Amino acid sequence: MSIDIRTLKDRYIDSCNACETVPNKAVLSAFFKAEIKKSNNEESTFVIFLDDLKSIDFHPLYNIFLQIDLSEIDTVDILQKSSCSLDADSVLLLLHAINQKLRIVDLQDRTFGKDFLMGISLGGLSCQILNLKFSHFRKMNMIGKFLQIRTLNLDFSASLTNFGKDCFSHMPNLKSLSLCETKVSNLWTTSASLAKLPSLIELRFQSCLCCDDTRVCPRSFGPKDNESTSSTLLDHGIEKITPFLTTEDTSLFSNLEDELFNYNTVHETVSESDESTDSEVDFSNTHPGIKLLEDFTYGPSAWNGLLDLPNEIFPNTWGLEENEESFPSSSISRPISIPRKKHLSYHPSPICYEKHYREYLISSFPNLKVLDNIPIKKTEKEKASIIYSQKFEHLPYKRTNKENVVTILQNREIKQKGIYGKSQYSYPRSLDASKVGCAVLPCLHPLSLSCSNNMIIQRGDGRKFRPRQFEYHPNNPSLMVIGTLDGEVVVVNHESEKIVRYILSHGETNSVLGLCWLKKYPSKLISGSDNGLLKLYDIQHSDSDSGFHRTPESNSFDEFDQLTSVHVNSSDELFLASGYSKHVALYDINTGKRVQVFTDMHQEHINVVKFANHSPSMFATSSFDHDVKMWDLRQKPIHPCYTSSSGRGNVMVCFSHDDHYLLASAVDNEVKQLLAVDGRLHLDFDIAPTGSSQNYTRSYYMNGRDYILSGSCDEHVVRICCAQTGRRLRDISLEGKSSGSSMFVQSLRGDPFRDFNLSVLAAYLSPSSSPEIVKVNMLTSKDAEKELLDDEPMRVGIGMGGA
């Protein structure tokens, strides 16, 4: 027999007396209101505000919550408006004391710290509605059991960037999810996480002004709307579309201005002891409460990019590369103002600014009914499916369905007819497609260098290596050469992470911006520095066992002022140098002489010069005058073979492996593939710009010429696109070492020996942090052992595929 409410209240008073404390008026009022509703045959809800509780109220209330499932009270709501005197452990105990009758939990976690968030994430809750606005999640990993939850609100969680592998795995009934004004930006990893929610029908990354929950905005229905959107979408009942707050509770958060300003006030009380480099939560950043209020009051503000960047200055050398412009004293730009759509949106997360974001999500989640408060109609689903097939590649090499790795290997072994027989590439491509499909979160590994045996490096100042340029070796899959901001040249075994050769800086501190291996003599390489020094080194010759190269052992060339780029031709006879001028210098490698200087090849300085891979006389130049030009040494390069213009200044150009195409990258994500024979446009990769005039973009080929990599210095993402169709395969987000650290793409290269492997030279925003090279393996997940098949004998063979 159920405990009636009056009896439960009496037990609460008795418990207070036993604890020698006065019954809390707010608790008594909650009992009274619940009893009134019960007498009127209405749903009896026990509503308690944590703001009204003190530590002395904990034990009596906890004792009552342990009995509440046996009482006449139908539901319990635990709410919070501002501060709370209870500690985090006490709040967690109260929440877990209530079992099946816990309905709404609406908290401000900033008052409790990271342990509280971890407690909820790991321990789970039995509530139906969980509101954690302004939470400090950085990487959300709610792996506890949330079997009853139907609505989750994480709006304004300004540190939240991504989700753990098993996040959402125990939320089978979650229907509504809101992620407005977060830092979630990656369509692919986000979709993979949300795919674990089988009941999800309402999703929101941006809101409309009048809606405080995910359901359909009433304004979205016109008077003649007769599409089969289902009228139940307007039903606010919890069995259909659950609002974040019921009608009677909307007054709790009707004044958004108070909530936002209260947030700013309380946030300042978070002590330094709460700061964390934990990958799950982040209490190190002040969240933009005032900015949010301005957005809400005055409409959509200009989006400030994928990351909320402080007004800091990059060191000049970070803006230099063999393929980019110098920007002395240039600050990180304030990115683009996004044009308004017909449906005005507010508090957008950066994921909303991905091209075709809505179509991607609609196509990826066929059961979704409402996205950003807009109903998804049948015609929009059909259109989304078409756009997805045109703009995105579900799996590499146009594979439409994910294949099991074991099945692929078995078919290969038995040589099944009709499978992998059409082409020599069919089997490895199928295997790669399966692995890439399984590894949505690819393995990212920062290169950590140490000395090999007998190697002595005496730098004297204890500084770490600060990479500025790198190139894979043309013949040896394990070697890579790195040029540093301090003028050093370091040859490393990037597999064992051992330094095999170390070349000291020459003269004053300078940055190595140009590196190029010789092809026929792969032990030799050309190095060029921003102070104009040009050197030829042979890594097979070193001074005894020290690993040092002495200056006399290297060949020097005439200096080229303000150098940014060097490149050797296919016969290893000549190399070109370019820099912050309109000229290009030609050098003879055998004699060490500068053969000629070609003047005024462009109207502005030349960012990069590249020889063709197979034709020793053909080369291309790219300049900030918006032009890419092809030249032929046999025709005395006074006039180019052709000129191809871009809409913005060209940062770099490179040839495809077979020299059939030119890949031209201009400022702010303008990436195009040209026919090398005449410069005609072959493919525009249609990457969304940020609006930054200093968002220098670099692009290279990967897997031969099958895919292209693209990254920019104002963004923390590497984009992978099919070089044949332009369709986007994946975006890879770079994560910093610690909470709140942002990484940006300074350079990148595809591994010439391993498909779907690449390396990225990434720089941190803070000048005190050193750049680092991050190796990316798209065939292996961060949690590779968990994601691979459970078949242990197969595990070793599968895991070696992309290593």
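Residues numbered from 1 in each chain as written. Predicted model: local features only at pLDDT ≥ 70, side-chain atom pairs only at ≥ 80, totals over all residues. Heavy atoms only, no water.

### Focus on the overall build of the chain
Rules: Here a helix means four or more residues in a row that DSSP labels H or I, a strand means two or more in a row labelled E, and each is numbered from the N terminus. To sort residues, take the accessible area from a 1.4 Å probe on protein chains only and compare it with the maximum for the residue type: under 20% means buried, over 50% means exposed, and anything in between is partly exposed. By definition in these notes, contact holds between two residues if any of their heavy atoms fall within 4.5 Å. Note on areas: Shrake-Rupley with a 1.4 Å probe; residue coverage comes only from the protein chains shown.
Summing up its helical and strand segments, the chain has 14 helices and 41 strands in all. A buried classification covers 57% of the 803 residues belonging to the chain. Summarising the internal contacts of the chain: among those between residues at least 6 apart in sequence, 60% fall at separations of at least 24. Put simply, the chain shows about 33400 Å² of open surface, and 49% of that area lies on carbon and sulfur atoms.

### Some remarks on the UniProt feature "repeat: WD" (unreviewed entry) in the chain
Put simply, the rule reads: UniProt positions are given in the numbering used here, feature names are shortened, and annotations may be inferred rather than shown by experiment.
UniProt records the feature "repeat: WD" (unreviewed entry) for residues 599-634 in the present numbering. Structurally, residues 599-634 is divided into 0% helix and 50% strand, and its ends, taken at the C-alpha atoms, are 17 Å apart.

### Examining the sheet that holds strand β6 (residues 151-153)
Cut-off, in case you're wondering: Only when DSSP finds a minimum of two bridges between them are two strands counted as paired.
Taken in spatial order, the 9 strands make up an open sheet running β1-β2-β3-β4-β6-β8-β9-β10-β11, and their pairing is mixed. Edge positions in the sheet fall to β1 (45-49) and β11 (374-375), since each has one partner strand and no second.

### Here we look at the nonpolar core
Basically, it comes down to this: By nonpolar core we mean a set of buried residues, namely Ala, Val, Leu, Ile, Met, Phe, Trp, Tyr and Cys, connected to one another through side-chain atoms within 4.5 Å.
Judged by nonpolar contacts, the single largest core of 78 residues is most densely connected at F65 and L152. Sorting elements by how many residues they give to this core places helix α4 (residues 88-97) first, with 6 residues. C713, I720, L734 and Y764 belong to the second-largest nonpolar core, a separate cluster that totals 54 residues.

### Thoughts on the pattern of salt bridges
We apply this condition: Think of a salt bridge as a Lys or Arg side-chain nitrogen and an Asp or Glu carboxyl oxygen that are within 4 Å of each other.
Tallied over the full model, the rule gives 24 salt bridges. Residue D486 is joined to R466 by a salt bridge in which the shortest nitrogen-to-oxygen separation is 2.8 Å. Of this pair, D486 sits in the loop between β15 (479-484) and β16 (489-493) while R466 sits in the loop between β13 (450-451) and β14 (467-472), and the two are 20 residues apart along the sequence. Across the pair D658 and R705 runs a salt bridge whose closest N-O atoms are separated by 2.5 Å. Residue D658 is located in the loop between β31 (650-655) and β32 (661-666), and its partner R705 is located in the loop between β35 (697-702) and β36 (707-712); the two are separated by 47 residues in the primary sequence. The class of R705 is partly exposed, set by a relative accessible area of 25%. Taken together, the salt bridges that share partners define one network made up of E43, D77 and R103.

### Observations regarding the sheet that holds strand β33 (residues 670-675)
Each strand in a sheet pairs with its neighbour through backbone hydrogen bonds, running either in the same direction (parallel) or in the opposite one (antiparallel). Worth spelling out the cut-off: Interaxial angles span 0 to 180 degrees and are taken between N-to-C directions of axes, which are lines fitted to C-alpha atoms, for helices over the stretch in contact.
Judged by pairing direction, the sheet is antiparallel, and its 4 strands sit side by side in the order β31-β32-β33-β34 without closing on themselves. The sheet is open, and its two edges are formed by β31 and β34 (681-684), each paired on a single side. On average, each strand axis in the sheet is tilted by 20° relative to the strand beside it, whichever way the strands run. The pairing of β31 with β32 spans 5 bridges and is classified as antiparallel. Note on β32: the bridge partner recorded for N650 is A666.

### With respect to α4
Under the convention used in this document: Contacts described as polar in this section are N or O atom pairs within 3.5 Å, which, within protein, must combine one atom able to donate a hydrogen with one able to accept it, while residues neighboring in sequence count only if both atoms come from side chains.
The buried fraction of α4 amounts to 7 of the 10 residues, a majority that puts the element mostly inside the structure. Of all the positions in α4, only A88, S90, V91, L92, L94, L95 and A97 are classed as buried. Where α4 is buried, its residues contact α3 (58-65), β2 (75-79), β3 (102-106) and α5 (114-123). Here α4 starts with a cap whose side-chain oxygen sits 3.1 Å from the backbone nitrogen of D89, and that cap is D87.

### Comments concerning the side chain of S578
As for its position among the elements, S578 is in strand β24 (residues 574-579). Overall, S578 belongs to the buried group, its relative accessible area being 0%. The contacts of S578, once residues within four sequence positions are left out, are F560, L563, T564, S565, H583, V584, I606, N607, V608 and V609.

### Description of the environment of E43
Checked against the element boundaries, E43 lands in the loop between α2 (25-39) and β1. Of the residues examined, E43 reaches a relative accessible area of 44% and is grouped as partly exposed. Not counting chain neighbours up to four residues away, the residues in contact with E43 comprise K37, D74, T75 and R103.

### Topic: the environment of N24
Its location among the elements puts N24 in the loop between α1 (5-18) and α2. On the accessibility criterion, N24 (9% relative accessible area) is buried. When the C-alpha atoms of N24 and D57 are compared, they prove to be 6.9 Å apart, with 33 residues separating the residues in sequence. A distance of 2.7 Å separates the side chain of N24 from the backbone nitrogen of A26, its partner in a polar contact. Polar side-chain contacts of N24 include one of 2.9 Å to the backbone oxygen of D52.

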